[in-house]
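Tertiary structure, described
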Amino acid sequence: MKSFLIIGLGRFGRAIARKLCELGNEVLVIDRDADAVQHIADEVTHSIIGDATEEAVLNAAGARNFDCAIVAVASDIEDSVLATALLKEAGVPHVIAKARNSLHRLVLQRVGADEIVFPEEQMGMRLARTLSMRSFLDYVSVTDDFSIAELPVPEKWLGKNLIQLNVRAKYGVTVLATRDKDSEKLSLSPNPTAPLTADLVLVMIGTNEDLEKVGKRA
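Residues numbered from 1 in each chain as written. Predicted model: local features only at pLDDT ≥ 70, side-chain atom pairs only at ≥ 80, totals over all residues. Heavy atoms only, no water.

Let's talk about the sheet that holds strand E2 (residues 26-31)
Sheet architecture is open: 6 strands sit in the order E3-E2-E1-E4-E5-E6, paired in parallel fashion. Sheet topology places strand E3 (46-49) and strand E6 (115-117) at the edges, where each strand pairs with a single neighbour. The average undirected angle you get between the axes of adjacent strands in this sheet is 15°. Across 4 bridges, strand E1 (residues 3-7) lies against strand E4 (residues 68-71) in parallel orientation. Across the sheet, Phe4 pairs through a bridge with Cys68, a residue of E4. Across the sheet, helix H1 (residues 11-22) is in contact with E1, E2, E4, strand E5 (95-98) and E6; its angle to E1 comes to roughly 165°. (Pairing = 2+ DSSP bridges. Helix = DSSP H or I, 4+ residues; strand = E, 2+ residues; numbered from the N terminus. Axes fitted to C-alpha atoms, helices over the stretch in contact; angles between N-to-C directions. Contact = heavy atoms within 4.5 Å.)

Thoughts on the packing of aromatic side chains
A full pass over the atoms with the stated rule returns 1 aromatic pair. Note on Trp157 and Tyr171: the rings are 5.5 Å apart at their centroids and 50° apart in plane angle, and the pair reads as tilted. Of this pair, Trp157 sits in the loop between strand E8 (146-152) and helix H7 (162-165) while Tyr171 sits in helix H8 (residues 167-171), and the two are 14 residues apart along the sequence. For Trp157, a relative accessible area of 3% corresponds to the buried category. (Phe/Tyr/Trp six-rings, centres within 6.5 Å; stacked < 30°, edge-to-face > 60°. Buried < 20%, exposed > 50% of the residue type's maximum accessible area, 1.4 Å probe, protein only.)

Some words on the packing of helix H4 (residues 77-90) against helix H5 (residues 102-110)
Geometrically, a packed helix pair is captured by the angle between its two axes and the distance between the axes. Taken N-terminus to C-terminus, the directions of H4 and H5 make an angle of 20°; their axes are 9 Å apart at the nearest point. It follows from the interaxial angle that H4 and H5 lie roughly parallel. Considering the relative orientation of H4 and H5, their crossing is right-handed. Together, Ile77, Ser80, Val81 and Thr84 of H4 and His104, Val107 and Leu108 of H5 make up the contact between the two elements. When grouped by side-chain class, the residues that make up the contact of H4 with H5 number 4 nonpolar, 3 polar and no charged. (Parallel < 35°, antiparallel > 145°, perpendicular 65-115°, else oblique. Left-handed = near helix turned anticlockwise from the far one by under 90°. Nonpolar A, V, L, I, M, F, W, Y, C, P; charged D, E, K, R; others polar.)

Below is the structure:
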C-alpha cells in the first residue's frame, strides 16, 4: 500500500482520490471548500479542510510522510505553484502537478515538480487516437509513443499464420497474445504456425503510428 496526498477536489482531484482508495492505497485530501471535503470524506482515508498553500497546514497533515502528492489545482496558477514548492520543500519524494498551459508547466518545473500532467489535453489526444483507430476493440497507452491494442483478425489475414504474415517485419508491431472474441482469457506466445481464424482477437504492441497503420490496412 502506498500513501497519497491530494491537493484540490475538482473533478480531476476527486476522480484520482476515489480510484486510489479503491485500489487499496492510503489517501488524504485537502481542500479549502468544506462542502467538497465533506462530500468525499467517507470515500477516502483522511480529509482536511484547509489551505494547502500554508506551510502549517501541510506540516499538520504530515505531508513529508507521503509517498506521493498530487496538486490537482490548476485554475489558480499561483496556488498551484506555491503548493508544489511547499510540498517539495517538505520533502515529498514525488510531486505530480496539473498544469493549464505551457507557461504554467515551465513554472512548475522550476519549483521542482517531478511530473506534470495536462488531463484535458491528454484526454483529447486519447479521444482523437480512439477515433482514428476504430478498427481496434481496445488499446492501452504504455508510453506517449507506444500502446497495446486489440484487433480482430483482419479478413485478409484469415487462414494464414504469423510466420507467413511476418507482422513484425511488415508492420513494425509484435503480436503478444491472442484470445477468443467471447473470452477475456489470453493465450500468451501464440503458436506462430497456427492458421488465424475469425473468432480470434490479436493483442499487439507497437508505436501508435505503426498500430494506426495496421488498423487502417485491416
